[in-house]
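Descriptive structure summary
The primary structure of each chain is shown beneath.
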Amino acid sequence: MDMPARAATGREALVSRLKALLPVGSVLDTEEAQRPYECDGLTLFRQLPLATVLPSTEAELVATIQACREAGVPVVPRGAGTGLSGGATPHPEGVLLSTAKMSRILDIDPVARTARVQPGVRNLAISEAAARHGLYYAPDPSSQIACSIGGNVAENSGGVHCLKYGLTVHNVLRVRAVTSDGDVLEFGGGALDSPGLDLLAVLVGSEGMLAVTTEVTVKLIPRPQLARCIMASFADVGVAGDAVARLIADGIIPAGLEMMDQPATRMVEPFANAGYDLDAAAILLCEADGTPEEVEEEIARMSEVLREAGATSLRVSASEAERMRFWAGRKNAFPAAGRVSPDYYCMDGTIPRRRLGEMLRAIQQMEVKYDMRCPNVFHAGDGNLHPLILFDANDPSSLARAEAFGADILELCVALGGTVTGEHGVGIEKINQMCVQFPAEAREQFFGVKRAFDPHGLLNPGKCIPTLHRCAEYGRMKVHGGAVPHPGLERF
Amino acid sequence: MVDDLIAQVQAAAGTGGRLRIRGSGSKDWYGEPWQASDALPVLDTRAHAGIVDYDPSELVVTARCGTPLAELEATLAASGQMLACEPPRFGPGATVGGCVSAGLSGPRRASAGSVRDFVLGARLVNGRGQHMAFGGQVIKNVAGYDVSRLLAGSLGILGLITEVSLKVVPVPVAEATLRFDGLEQATALERLNRWAGQPLPLSASAWADGTLHVRLSGAEAAVRAARSALGGELLPDADASSFWAALREQSAPFFAGDEPLWRMSVPSIAPPLALAGQGLGGELLEWGGALRWTRSTLPADALREAARAAGGHATLFRAADTLSGRFTPLDPALLHIHQRLKAEFDPAGVFNPGRLYPGL
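Within any chain, residue numbers begin from 1 and follow the written order of that chain's sequence. Key to labels: chains lettered from A, ligands numbered from 1, both in the order written. With pLDDT at 70 or above as the cut-off, local features in this predicted model cover only qualifying residues; side-chain atom pairs require 80 or more to be listed or tallied, and sums for whole chains, interfaces and linings still use all residues. Side-chain measures were taken over the full set of non-hydrogen atoms in the model, leaving aside hydrogen atoms and water.

**Remarks on the overall build of chain B**
The secondary structure listing takes helices from DSSP runs of H or I that are at least 4 residues long and strands from runs of E that are at least 2 residues long, numbered from the N terminus. Helix and strand counts for chain B come out as 11 helices and 19 strands. We compute the radius of gyration from the C-alpha atoms alone; for a globule the expected value is 2.2 Å times N to the 0.38, where N is the number of residues. Relative to the globule expectation of 21 Å for 360 residues, the C-alpha radius of gyration of chain B, 21 Å, shows essentially globular dimensions. Its C-alpha atoms give chain B principal-axis dimensions of about 65 × 50 × 35 Å. A total of 360 residues make up chain B; the buried ones form 61% of that total. Only protein chains enter the accessibility calculation, which uses a 1.4 Å probe; a residue is then buried when its area is under 20% of its type maximum, exposed when over 50%, and partly exposed in between.

Okay, structure coming up:
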């Protein structure tokens, strides 16, 4: 897609206009003030924007977008900046639009079971505010303590409980958003459906490229009375994978179903004291929730299936504290990786679960090929893998190998019938792999969707969908180079 | 077989032709009536049929557009699984493609989700005759825009769906239907909303003529506990399954006759719908109060206003005449996005012209 042409007015003119439009302190244009915004959770890519704008109201956000459109300056929306794919990496000639100041919970309706919130509200804050009504917001990405609901909408975030409770797209009823035309639109609503095409479905997960969210209404659901978690140990990763298939085929949908291999449990345990079985080749965390009677019945069924499937030992959480410890280990896998290695690169492919054994064997071979370690955590219930490639960004050879290792994993996900991203988004990180997953005609159709919402090409240009040119370049590099030095860099 | 369909699309696109996508025709009456376009050549999807891939342990089924819904559901049932959105068929030959294009969900929708919630991927022939895959066969997938979910309920205006992948779920271990008599609508709504805020295994509800039916689905223990918590009269299993089937397929007496059937989609907490203090007509409520069927001869504008005032929208679902204006008109900026999407997917306007809105 063509970048909007920079108008001759230039950077200073836009910055002064924005400063006139917004309250003092809402427009940052010094290098020092903008440093915190130079990257999101994908710290490999850093870029200072032209200016950083923090509107406090929808009207200020609309004014910002209109000013940028008139100046022909791209806008990159940013939530809490926890995204792992560079979706909020600034554009060098664009405005970074942070929703951090729009962080109010507007309304919790316990009877309708909904929460209406501004985009900068943290995911966990919604559940905390709803707790006194016995309700919560189900999607729980590992970063839920920090990530914002606006970012969750942009990325269609998942979490460890989405096999049973769904992704963001299943739990958002309404999004109010501003298009690059400056129109404030309502997608979805208070009813269970809306007239016309289901634009809400395509807006969720669109990585801030179609419209900028100013308000979200989410569904709240009753907090289960009880949850208990089984930690099952396996002597072989493949056997653990088969156990997952047996559970599902037996008609069990656990509230959470996670796998960690031995390198991952050993990496996490000293950090989280989760009580994991460090001798097991893999562990499964398998959770049941509901009424006490229901949980008892499900834990018994799950335990039986896991034992028959070859679990070497089972431990059922005896208390809420122990259950939280089991999950704390899993949810802290990424920080733990940061503790044992200078840097880590978290992958996010999804594969049909039956191909898990093949995938893990291939990753073991890649560890040898690239001479790097790669512990695996895995949303086993839905086939979403998070291999964590450990590397040292200060060593250029290590970085290059990590990126090539990652690209190999993602391309194998596509070859096995899966996808390059299950929940982290494409951003700039996986943009080259989109060339592998989608042929030119489909990518052009994606650009058509982009044009239908954002005919000016103003919002987050250059993310998520690669141009024909870029894919051609990537194809040539793959042919000539093998390991690609910096796949995220524009090369034209 | 799919090449044949693509060839028809390409031929139409090249000659300014238009096509009416059709499976068995079970939902011919739904959407904007075929008026001038009644004579359009039909793109018959039924020959492109069959289940492409189904592995129960993956919780995903992939089927071609012409696959009969009955065949798909029978295959799932044989492995103890189902489509959780309980899509109505409205005819014996209903196809998978028609199910997704119409995007209509059944009694379980309020608790389990809609057709679009279960769409994981789709293959589409656009108006240029290009055959493309969106989404995939895995439950979590955020690569590219979610075009496959956009197709659910699109009534074929963006292209021909040739194949879909749907998430499936296990059939609940236990199920029970409870009946409560002598409940005013407002009382029923109050109860339904209160129960929905509690951890109860509710899977469907229906209120009409002072009688509320509630279905519970889940683990044996959960259903047993909820039964004793809610009270009511337990329906025999055979009566329960025929009751919900008649609701799903709209073969219940409420749906008989020629009076226009309006589908009022509103927040579940909306009070009973009324105009100037008067009820709208005969009513049947589903989805915990969020879906309210109304038999009414009141003017469309009045019914639309009643739904809008309650925070929802009204669809003229079935009507004997060929009146246009079935769906609530769109806000101009949203309509603009619809028009641009149509132009991007189907620039020559080959597919189902006017089926969703006149001019689209």
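**Some words on the overall build of chain A**
Counting its regular elements, chain A contains 18 helices and 18 strands. Computed over its C-alpha atoms, the radius of gyration of chain A comes to 23 Å, within 12% of the 23 Å expected for a compact globule of 492 residues. Expressed along its principal axes, the backbone C-alpha trace of chain A runs to roughly 70 × 60 × 40 Å. Within chain A, buried positions represent 62% of all 492 residues. A separation threshold of at least 6 residues defines the contact pool for chain A, and within that pool the share at least 24 residues apart is 71%. Accessible surface area values rest on a Shrake-Rupley calculation with a 1.4 Å probe, where residue burial reflects the displayed protein chains alone. Summed over its atoms, the accessible surface of chain A is roughly 16,900 Å², and 52% of this surface lies on carbon and sulfur atoms. Between the averaged position of the 46 positive side-chain charges in chain A and that of its 60 negative side-chain charges there is a distance of 2 Å. Note on definitions: a residue-residue contact is assigned when non-hydrogen atoms from the two residues lie within 4.5 Å. The charge count includes Lys and Arg as positive and Asp and Glu as negative, but it does not include His or the ends of the chains. Charge positions come from single atoms, namely NZ of Lys, CZ of Arg, CG of Asp or CD of Glu.

**Some points on the domain arrangement of chain A**
Residue and element names in this part refer to chain A. Each domain's extent is set by a domain assignment, obtained either automatically or from a database. Domains assigned within chain A are domain 1 (10–98), domain 2 (105–222), domain 3 (226–335) and domain 4 (342–376 + 388–481). Distance from the C-alpha centre of domain 2 to the C-alpha centre of domain 4: 27 Å. Each side of the interface is counted separately: domain 2 has 16 residues, and domain 4 has 16 residues. Regarding the contact of domain 2 and domain 4, the summed buried area is about 1,400 Å², with carbon and sulfur atoms giving 60% of it. Summed over the three residues of domain 2 that lose the most area to domain 4, namely Ser 180, Glu 207 and Met 209, the buried surface amounts to 47% of that side. Salt bridge, as used here: a side-chain nitrogen of Lys or Arg that lies within 4 Å of a carboxyl oxygen of Asp or Glu. The interface formed by domain 2 and domain 4 includes zero salt bridges. Two N or O atoms count as a polar contact when they lie within 3.5 Å, although within protein this holds only if one can serve as hydrogen donor and the other as acceptor, and sequence-adjacent residues are included solely when both atoms are side-chain atoms. Taken together, the links from domain 2 to domain 4 amount to seven residue pairs in polar contact (both at pLDDT 80 or more). Just so you know the grouping, Ala, Val, Leu, Ile, Met, Phe, Trp, Tyr, Cys and Pro go in nonpolar, Asp, Glu, Lys and Arg go in charged, and all remaining residues, Gly too, go in polar. Partitioning the side of domain 2 that touches domain 4 into residue classes produces seven nonpolar, six polar and three charged. Accessible area, probed at 1.4 Å, shrinks when two parts are joined; the buried area is that loss added up over both.

**With respect to the sheet that holds strand E3 (residues 51–55) of chain B**
To summarise the sheet geometry, strands pair through backbone hydrogen bonds and adopt either a parallel or an antiparallel arrangement. All names here are of chain B. The sheet built from five strands is open, its strands ordered E3-E4-E8-E6-E7 with antiparallel pairing. Both outer strands of the open sheet, E3 and strand E7 (131–135), are each paired with one neighbouring strand and no more. Taken over all neighbouring pairs, the strand axes of this sheet differ in orientation by 10° on average, direction set aside. Sheet topology places strand E4 (residues 60–64) next to strand E8 (residues 160–167); five bridges connect them, and they run antiparallel. Two strands qualify as a pair provided that DSSP identifies no fewer than 2 bridges between them. Interaxial angle, 0 to 180 degrees, is taken between N-to-C directions of lines fitted to C-alpha atoms, where a helix line uses only the stretch in contact.

**Comments concerning empty space enclosed by the protein**
All names here are of chain B. Lining residues are defined by having an atom within 4 Å of a point belonging to a cavity or pocket. Those points lie on a 1 Å grid over the protein atoms alone, cavities being sets where a 1.4 Å probe fits but cannot get out and pockets being open sets with protein on both sides within 12 Å along at least five of seven lines. Grid points are joined across faces, edges and corners, and a volume is the space filled by probe spheres set on the points. Within the structure shown, the criterion is met by 12 cavities of 30 Å³ or more. Along the walls of the largest cavity sit 26 residues, with Ile 21, Arg 22, Gly 23, Gly 98 and Ser 101 positioned nearest its centre. Of all the secondary structure elements, the ones that give two or more residues to the lining of the largest cavity are strand E1 (20–22), helix H3 (96–102) and E8. Considering each element in turn, the lining of the largest cavity owes the most residues, four residues, to H3. Here the residues of the lining of the largest cavity sort into nine nonpolar, 12 polar and five charged. Of the voids in this model, the second largest cavity is the one considered here, and its volume is about 150 Å³. Residue lining of the second largest cavity: 17 residues in total, with Gly 135, Asn 141, Val 142, Asp 146 and Arg 149 positioned closest to the centre. Of all elements in the fold, only strand E6 (119–125) and helix H6 (147–151) reach the threshold of two or more residues within the lining of the second largest cavity. Here the residues of the lining of the second largest cavity are counted per class, giving nine nonpolar, six polar and two charged.

**Here's the deal with the sheet that holds strand E13 (residues 256–261) of chain A**
All names here are of chain A. Judged by pairing direction, the sheet is antiparallel, and its seven strands sit side by side in the order E15-E12-E14-E13-E17-E18-E16 without closing on themselves. The strands lining the two open edges of the sheet, one partner per strand, are strand E15 (313–316) and strand E16 (343–346). Here the average twist between neighbouring strands, direction ignored, is 20°. Two elements, strand E17 (residues 376–379) and strand E18 (residues 384–391), share four bridges in a ladder whose sense is antiparallel. Looking across to E18, one finds that Phe 378 is bridged to Leu 385. Across the sheet, helix H12 (residues 320–331) is in contact with strand E12 (226–234), E13, strand E14 (282–290), E15, E17 and E18; its angle to E12 comes to roughly 55°.

**Observations concerning the domain arrangement of chain B**
Residues and elements named next belong to chain B. Each assigned domain of chain B is listed with its residue range as follows: domain 1 (2–170 + 335–345), domain 2 (174–253) and domain 3 (254–318). Look at where the C-alpha atoms of domain 1 and domain 2 centre, and you get two points 31 Å apart. Contact residues are listed per partner, giving 10 residues for domain 1 and 11 residues for domain 2. Between domain 1 and domain 2 lies a buried interface of about 800 Å² when both sides are counted; carbon and sulfur atoms form 43% of it.

**Some remarks on the interface of chain B and chain A**
Taken together, the contact pairs 72 residues of chain B with 86 residues of chain A. Both faces considered, chain B and chain A share a buried interface measuring about 6,200 Å² in area, 61% of it formed by carbon and sulfur atoms. Broken down residue by residue, the surface that chain B buries against chain A is led by Lys 140, Val 142 and Tyr 145 of chain B, which jointly contribute 16%. The interface formed by chain B and chain A contains eight salt bridges. In this structure, Arg 116 of chain B engages Asp 198 of chain A in a salt bridge whose closest nitrogen and oxygen atoms are separated by 2.8 Å. Where chain B packs against chain A, one counts 28 residue pairs in polar contact (both at pLDDT 80 or more). At eight residues, the largest contribution of residues to the side of chain B that touches chain A is made by helix H11 (residues 332–345) of chain B. Of the residues belonging to the side of chain B that touches chain A, the class tally is 37 nonpolar, 19 polar and 16 charged.

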